[in-house]
Structures are given as structure tokens and as C-alpha cells.
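Given next are the chains, with one letter for each unit.
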Amino acid sequence: ILGTRIDAAAADAVINFIGRCRDPDCGGFCGGPYPGQMAHLAPTYAAVNTLVTIGTPAAFELIKGAKLGSFLRAMRREDGAFTMHHDGEVDVRGAYCAIAVATLSGEVE
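Once a new chain begins, its residue numbering starts again from 1 and follows that chain's sequence as written. In keeping with the model being predicted, local features are shown solely for residues with a pLDDT of at least 70 and side-chain atom pairs are shown and tallied solely at 80 or more, while totals for entire chains, interfaces and linings include all residues. As a rule here, side-chain values come from all non-hydrogen atoms in the structure, and water together with hydrogens is ignored.

Q: Can you lay out helix 5 (residues 92-105) for me, pointing to particular residues and giving the numbers?
A: The end-to-end C-alpha distance of helix 5, which contains 14 residues, comes to 20 Å, matching closely the 20 Å that a straight helix rising 1.5 Å per residue would cover. Only protein chains enter the area calculation, which uses a 1.4 Å probe; residues under 20% of their type maximum are buried, those over 50% are exposed, and those in between are partly exposed. Per the convention used, a helix needs a DSSP run of H or I reaching at least four residues, while a strand needs a run of E reaching at least two, with both numbered from the N terminus. Those residues of helix 5 lying buried are Gly94, Cys97, Ala98, Ala100, Val101, Ala102 and Ser105. What makes two residues a contact is simply this: any of their non-hydrogen atoms within 4.5 Å. Its buried side turned inward, helix 5 meets helix 2 (41-54), helix 3 (57-64) and helix 4 (68-75). Structurally, the start of helix 5 carries an N-cap: the backbone nitrogen of Arg93 is 2.9 Å from a side-chain oxygen of Asp91. Count one or two residues on from helix 5 and you reach Gly106, which has phi positive near 80°. One fewer than the residue count of a helix, multiplied by 1.5 Å, yields its expected span. Polar contact is defined as a pair of N or O atoms within 3.5 Å, subject to the rule that within protein one atom must be able to donate a hydrogen and the other to accept it, and that residues adjacent in sequence are counted only when both atoms are side-chain atoms.

Q: Pulling in residues and values, what's your account of helix 1 (residues 8-20)?
A: The first and last C-alpha atoms of helix 1 sit 18 Å apart over 13 residues, in line with the 18 Å expected at 1.5 Å per residue. For helix 1, the full list of buried residues reads Ala11, Ile15 and Ile18. Taken down its axis, helix 1 places every buried residue within 65° of arc, on the same side. The N-capping residue of helix 1, defined by a side-chain oxygen 3.1 Å from the backbone nitrogen of Ala9, is Asp7. Summarising the geometry, the arc corresponds to the directions from the helix axis toward the C-beta atoms.

Q: Any chance you could break down the side chain of His85 for me, citing the residues and the numbers?
A: Of note, His85 is situated in the loop between helix 4 and helix 5. A distance of 3.3 Å separates polar atoms of two side chains, one belonging to His85 and the other to Glu89.

Q: Give a description of the nonpolar core that names residues and reports values.
A: What is meant by a nonpolar core is a set of buried Ala, Val, Leu, Ile, Met, Phe, Trp, Tyr and Cys residues, joined one to another through side-chain atoms within 4.5 Å. Phe29, Leu41, Leu51 and Leu68 are the most contacted members of the largest nonpolar core, which has 25 residues in total. Among the secondary structure elements, those contributing two or more residues to this core are helix 1, helix 2, helix 3, helix 4 and helix 5. Here the element with the most residues in this core is helix 2; it accounts for 5 residues.

Q: Describe in detail the pattern of salt bridges, supporting the description with residues and values.
A: Salt-bridge detection follows one rule: a side-chain nitrogen of Lys or Arg within 4 Å of a carboxyl oxygen of Asp or Glu. Here the structure, examined in full by the defined rule, presents 3 salt bridges. With a shortest N-O distance of 2.6 Å, Arg77 and Asp79 are connected by a salt bridge. Assessed through its relative accessible area of 39%, Arg77 is described here as partly exposed. Residue Asp79 is classed as exposed on the basis of its relative accessible area, which comes to 54%.

Any link to function would need more than the numbers given here.
Below, the structure is given as C-alpha cells:
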């Protein structure tokens, strides 16, 4: 895997699958195809990292079109902590995932 390029067909298949996991209403990514699962910071983190690793224009376009800033703001609580999903648990994972997603997607405020 190190030093190996992802072939175009595999990259397109992964981008297509991740695109089906995006919640178009809130902007986050779900752990599986939407609808059926809720947007969550952990799969959003995994999706953005995967798309950045693929690094094609189509991958970056999916990140750009995801409304990630809206999702991250919705997950942030008044005290500055982040929930993992709507009405979800609050712990350090939320902060880590949110900061990483914001940094990788250019949504840092």
C-alpha cells in the first residue's frame, strides 16, 4: 500500500460509495449509504481522509460539496465540545475528528 497508486477504477468506485454515504441535508457522512444511517463525526473523518488520500478532482469536489462547515457547526456545543452525532456522546473523539475534518477540508474558522 505504501508507494502504490490507487487505480482510477477503484478510486472512482470508492468516491461513488462515499458519495452515497453523505447526508445531503446536514453535510456530514454516515457509516453506510444514506438514508438509513445518521451523519456522524467518525465516518465523516474517515470519508474526508479517504477522499484526500485519493486526491483526484472528483474526490476533492465531493469534499467541497458536502457542506462540512454546517455539519461541524451543528456538532459543536456551546461549551466548545463536539458531539459525535446529533444528540450524541461528547468526548475527545469529537474534538479530534472535528479538528481533523476542518483542517483537511479547509473549513477552519
